[in-house]
Amino acid sequence: MHRSGLGDAPRPLLEEFAKIKSGDVVLPLQEPTEQSGRELRLRCVVEPDEAQKVLLNRLGLELPRRLRSSLAK
């Protein structure tokens, strides 16, 4: 933080980043021959607001658009 010119107090930075949310999109999968009950889960990250983008940029960080996906049964 100090090298990025953001000061030495991590609390305001962490509070701002805590506002960035992610959500799961759950899609049921249907096999052609049977009802498997399987589903595809996609974890998506919400687009940060302008202030969060500035902070991320100053720290040299980039948020992923999507996190790991998985098949669940």
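Refer to the preceding data block for the structure.
Every value quoted in this text rests on a predicted model; they were computed, and no experiment measured them. (Residues numbered from 1 in each chain as written. Predicted model: local features only at pLDDT ≥ 70, side-chain atom pairs only at ≥ 80, totals over all residues. Heavy atoms only, no water.)

An account of the environment of Leu 29 is needed here, citing residue identities and associated values.
Relative to the elements of secondary structure, Leu 29 occurs in the loop between β1 (22-28) and β2 (39-45). Relative accessible area serves as the criterion here: at 27%, Leu 29 is assigned to the partly exposed category. Sequence separation between Leu 29 and Leu 40 is 11 residues; the distance between their C-alpha atoms is 6.7 Å. (Helix = DSSP H or I, 4+ residues; strand = E, 2+ residues; numbered from the N terminus. Buried < 20%, exposed > 50% of the residue type's maximum accessible area, 1.4 Å probe, protein only.)

Summarise the pattern of salt bridges; cite the residues concerned and give the values.
In total, this model carries 5 salt bridges according to the counting rule given. One salt bridge in this structure joins Lys 19 and Glu 16, with 3.3 Å as the shortest N-O distance. Looking at Glu 16, the relative accessible area reads 17%, which means it is buried. Several salt bridges converge on common partners, so that one network encompasses Glu 47, Glu 50 and Lys 53. (Salt bridge = Lys/Arg side-chain N within 4 Å of Asp/Glu carboxyl O.)

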